[in-house]
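Notes for the structure review
Chain residues, written in single-letter form:
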Amino acid sequence: MNPVFWTLSIEFQYYVILALLFPLLQGKNKFTKHLFFIGLISLSLYPSHTKFYIYWSAYFAIGILYTCKIKSLISAKTFIAYNLFAAFVVINHQGLNDYIIGIFTLFLIHQYPNFKNHIGDFFGKISYSLYLIHSIIGAALINFLSKRFNLPYQKLLVISLGFIISIVFAYFFWKLIEHPTHKLAKRLKK
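Residues numbered from 1 in each chain as written. Predicted model: local features only at pLDDT ≥ 70, side-chain atom pairs only at ≥ 80, totals over all residues. Heavy atoms only, no water.

**Details of a positive patch on the surface**
Just so we agree on the cut-off: Residues qualify for a patch when their relative accessible area is over 30% and they have no salt bridge, like charges being joined within 9 Å and the nonpolar side chains of Val, Leu, Ile, Met, Phe, Trp and Tyr within 5 Å. Per-residue and other accessible areas follow the Shrake-Rupley method at a 1.4 Å probe size, with only the shown protein chains counted as cover for residues. By definition, a salt bridge exists where a carboxyl oxygen of Asp or Glu is found within 4 Å of a side-chain nitrogen of Lys or Arg. In this count, Lys and Arg are taken as positive residues and Asp and Glu as negative ones, while His and the chain termini are left out. Each charge is placed at NZ for Lys, CZ for Arg, CG for Asp and CD for Glu. By the criteria applied, helices consist of DSSP H or I runs no shorter than four residues and strands consist of E runs no shorter than two, each listed in order from the N terminus. Type-normalised accessible area, obtained with a 1.4 Å probe on protein chains alone, sets the label of each residue: buried when under 20%, exposed when over 50%, and partly exposed for intermediate values.
Together, Lys125, Lys175, Lys183 and Arg187 make up a positively charged patch on the protein surface. Ranked by the residues each element gives to the positive patch, the list is headed by helix H7 (residues 152-189), at 3 residues. Mapping Arg187 onto the fold places it in helix H7. Residue classification places Arg187 among the exposed positions, given a relative accessible area of 59%.

Shown next as structure tokens:
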């Protein structure tokens, strides 16, 4: 079987595992929280392609840590310790520029917490699913169709179609996997 299939399959497995493990952050058990963050940040050290979640997991951990601290799900010491670990991994694995972009993004989010935009809210909801889906669905469609359409306006249409299809699939992933998992996490928390 094609080795790319196994890689995509592993990515999807990590997506589901993280969605199921995310409720651990909302509980009171400190051990499971530590295990979650150590695992999430350490995943970046596993050799993988830059298109896949594993490569960027420490980068995402920084945002998750920020959210957990704002919602008082972790202590200040835990926040600082795991941010230092994540910063070390991101800087050494992805580079200082990526770390600065991540921190600057969090700074903007922190400075403008009440900024609302319907389009931004929608993309915020589906962003993780879109991240996972775009290379599997959108890029594959673009690669397939770009060999058949060569004119500049056709290429623009092909890229637009790939983007739209990725958004549609990401929405369905959010609706079928992420959203129900978040609901389950809230019920388990009670």
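**Some words on the side chain of Asn83**
To keep it simple, the criterion reads: Contact criterion: two residues are considered in contact whenever any of their non-hydrogen atoms come within 4.5 Å of each other.
With respect to the element layout, Asn83 can be found in helix H4 (residues 76-93). Other than its neighbours up to four places away in sequence, Asn83 contacts Ile62 and Leu65.

**Considering the side chain of Ser44**
Residue placement: Ser44 occurs in the loop between helix H2 (30-42) and helix H3 (53-70). By relative accessible area, Ser44 is classed as buried at 0%. In this structure Ser44 touches Ile54, Tyr55, Trp56, Ser57, Ala58, Val89, His93 and Gln94, once residues within four positions along its chain are discounted.

**A closer look at unusual backbone geometry**
One non-glycine residue, Ser72, lies in the positive phi region at around 60°. Examined against the element boundaries, Ser72 turns out to sit in the loop between H3 and H4. Relative accessible area serves as the criterion here: at 63%, Ser72 is assigned to the exposed category.

**Comments concerning a nonpolar patch on the surface**
Taken together, the side chains of Phe163, Ile164, Val168, Phe169, Phe172 and Leu176 present a nonpolar region at the surface, about 600 Å² in accessible area. Looking at the element boundaries, Phe172 is found in helix H7. A relative accessible area of 46% places Phe172 in the partly exposed class.

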